[in-house]
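Inside the fold
Residues per chain are reported as follows:
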Amino acid sequence: MAAAVGLATTALMVVAILIGSRRLAHFDAALVGYTFATLFATFGISYRFTIWLQRPPTAMYWKRGWQVFLRPDSLGRNLVQWLKRLGAIFFANSFIWRRGISRGAAHWLVMWGCILASAITFPLVFGWIHFEFTDATFQSYTAVMFGFPVFSFGIHSIPGYLIFHGLVWASFLVIAGVMIAMRRRMVGHDARALQRFGEDFLPLILLYAVSVTGLMLVVSYKWMNGYAYDFLAITHAVTVIGTLLWMPFGKLFHIFQRPAQLGVLFYKDAGRRGEQARCVVCSQEYASLMHIEDLIEVERQLGYRYDFPEGSVDHYQRVCPRCRRLTVAAVQTQLWASAAVPAQPEISAPPSHS
Amino acid sequence: MSVPESLFFFLDPNRCIGCESCVQACSECDTHKGHSMIHLERVNRYESPQTIPVVCMHCDSPTCAEVCPADAIKRTEDGVVQTARKPRCIACSNCVLACPFGVPKMNTDYELMMKCDMCYDRTSEGKRPMCATVCPSQALFFGTHAEIQALRPRSRSLNTFQFGRQTIHTKVQMMVPREAPVMHIDVAAAWHDPQGEDEQDDPMLSAALFELPVLSN
Ligand code: SF4
Ligand code: SF4
């Protein structure tokens, strides 16, 4: 199943490249390595994504998320909310800034740098966009998208300068973000305790390598008469291709998982509006009934058996988290209360080691 | 680095005197600065002084991690179940609602689940978790089996819990009376107490009285 989805997505990508580049008429053969790496990444990402979606908790949220989003009575409101949340959560990273200024800054810079760089490179590599001289004066370019002229600009104009240096701006953003993140990872005690090389450093190193080698290419042809250009071009290609190939497996996969957060927010909205679950012990509301029922089902699919075959409570999930905390302690206390009181009281001294 | 195999976390809720030292110490832990991951519960404020500390039990097959749709919760090789990975957690609260011990906390401001990771920065170096270094009553104790046996000759530790038909084994151990004829702690017992109506038999209350410090000798 996952392999089929992976293959189908990759095939779609190939078709999109063929059509978008007008049967490879605008495809730059020098970029074929990048294209194959992208196709591999497409396969890997859609393969892993499909497997991920099949896990019971993810499948449940996926199904329910769409159901509650598309409910006819709330679709309009949901669409408006979706736009707002897309802006606040994805484009502004609001929740990350609340976790800390340096976290927010690092993520925001790296994210926008990568978005900008991807928006430029992928269409160029796939031949979806290319530039032609507008006329015989060779003074202006026309951007051609999917074979259609879109807009023109002077070679020496400000828009021209901005467009042709797009990747430079992108690498400045990424490098600044990576620096902040690296510093936090090196001095922050929280990060130092829990981080892993592959999860936390490798992605930063890769992004940094891609940006720096990209910048060095510009430096080489602009100010050094193309000194070591071939070597740099190969190094840059290796870093980019390496990053693309690693994408489905490492931390960067969160780019594809994270949007699930939006579905969860709509699930929570629907839960708030619906019936609430009341704890069978303290009678307080503690979650939406939909969430509790879904969780019972997910736990059953995972093989957990938190059900009570007899008694008034059918499932442990019907007890609120606070009452669960109290219950475990209560049972331990009961054991003590029912144990015989010993003749010699137990005296304990604090341990001496630290 | 990993938590030395000889060291265990022992929990004895009914020794808790409610001093809140653990809560303070926990919030000073570097891995979740300013946020305490300990739930210090007041059992029944009107009838009993009993308080109980609740920390993550670090289950062998952690329900929190299994129900996580985002793969955000990982268990280290030495059995410590870590707090949610920040880039992954989508704040769905599945873990909060599914943990049989009621441990994970949802930080709505950060849109992030946070929970005790047994001070992995410390325990993986053989040091005690923050809470266990300050607990004056040793309701939270980190050390070897020999140490706890010497300190509590009346007790032994259990790490098997029964929730309905589900058995959960944990890395953290709970102290029970040595004579108690149980192989596991069964939560259903709390609800099927035949004398539950009688206040004197309220297990929390009687235990609170039972556990008042005895200072003879
Ligand atoms: S006690 Fe709860 S939070 Fe801790 S590992 Fe077990 S299920 Fe997860
Ligand atoms: S709240 Fe976060 S860690 Fe908990 S289940 Fe949801 S995604 Fe996983």
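Residues numbered from 1 in each chain as written. Chains lettered and ligands numbered in written order. Predicted model: local features only at pLDDT ≥ 70, side-chain atom pairs only at ≥ 80, totals over all residues. Heavy atoms only, no water.

Per an unreviewed UniProt entry, the recorded name for chain B is Anaerobic dimethyl sulfoxide reductase chain B, and the organism is Caulifigura coniformis.

Across the contact, 75 residues belong to chain A and 91 residues belong to chain B. At the junction of chain A and chain B, the tally comes to 6 salt bridges. Residue B:Glu111 pairs with A:Arg98 through a salt bridge whose shortest N-O separation is 3.7 Å. Across the contact surface, chain A and chain B share 34 residue pairs in polar contact (both at pLDDT 80 or more). No other element matches helix α15 (residues 321-338) of chain A, which puts 16 residues into the side of chain A that touches chain B. Broken down by class, the residue content of the side of chain A that touches chain B amounts to 40 nonpolar, 17 polar and 18 charged. (Contact = heavy atoms within 4.5 Å. Salt bridge = Lys/Arg side-chain N within 4 Å of Asp/Glu carboxyl O. Polar contact = N/O pair within 3.5 Å; in protein donor to acceptor, adjacent residues only side chain to side chain. Helix = DSSP H or I, 4+ residues; strand = E, 2+ residues; numbered from the N terminus. Nonpolar A, V, L, I, M, F, W, Y, C, P; charged D, E, K, R; others polar.)

Strand order in the open sheet formed by 5 strands is β6-β1-β8-β7-β9 (chain B), with mixed pairing between adjacent strands. Of all the strands in the sheet, just β6 (140-143) and β9 (185-186) of chain B have a single pairing partner and so form its edges. Against the sheet, α15(A) contacts β1 (8-11), β7 (155-163), β8 (166-177) and β9 of chain B, and its axis sits at roughly 45° relative to β8(B). (Pairing = 2+ DSSP bridges. Axes fitted to C-alpha atoms, helices over the stretch in contact; angles between N-to-C directions.)

A few words now on the nonpolar core. Membership of the largest hydrophobic core comes to 85 residues, with the highest contact counts inside it found for B:Phe101, B:Leu140 and B:Phe163. Here this core spans two domains, and each of domain 1 (1-263) and domain 2 (274-330) of chain A adds at least three residues to it. Setting aside chain neighbours within four positions, we find B:Leu140 in contact with B:Phe9, B:Phe10, B:Leu11, B:Cys22, B:Ile38, B:Pro53, B:Val55, B:Cys131, B:Ala132 and B:Cys135. In this structure, A:Met13, A:Leu39, A:Leu206 and A:Met247 belong to the second largest nonpolar core, which totals 19 residues. (Core = buried A, V, L, I, M, F, W, Y, C linked by side-chain atoms within 4.5 Å. Buried < 20%, exposed > 50% of the residue type's maximum accessible area, 1.4 Å probe, protein only. Domains from an automatic or database assignment.)

Residues and elements named next belong to chain A. At a minimum axis separation of 8 Å, helix α3 (residues 56-70) and helix α13 (residues 260-273) run at an interaxial angle of 65°. By crossing handedness, the relation of α3 to α13 is classed as left-handed. Seen from α3, the contacting residues are Tyr61, Arg64, Gly65, Val68 and Phe69; seen from α13, they are Gly263, Val264, Phe266, Tyr267 and Ala270. Taken together, the residues that form the contact of α3 with α13 break down as 7 nonpolar, 2 polar and 1 charged. (Left-handed = near helix turned anticlockwise from the far one by under 90°.)

Bringing the pairing of strand β2 (residues 140-145) of chain A into the picture now. Residue and element names in this part refer to chain A. Most of β2 is tucked away, with 5 of its 6 residues classed as buried. Pairing of strand β1 (residues 129-133) with β2 involves 5 bridges; the strand directions are antiparallel. Paired with Phe131 across the bridge in β2 is Ala143. Linking β1 back to β2 in an antiparallel pair, the connection comprises 6 residues, with Phe138 at a positive phi of about 55°. Relative to strand β3 (residues 148-154), β2 runs antiparallel, the two being bridged by 6 bridges. Looking across to β3, one finds that Ser140 is bridged to Gly154. Count of turn residues in the β2/β3 antiparallel hairpin: 2 residues, of which Phe146 carries a positive phi of about 50°.

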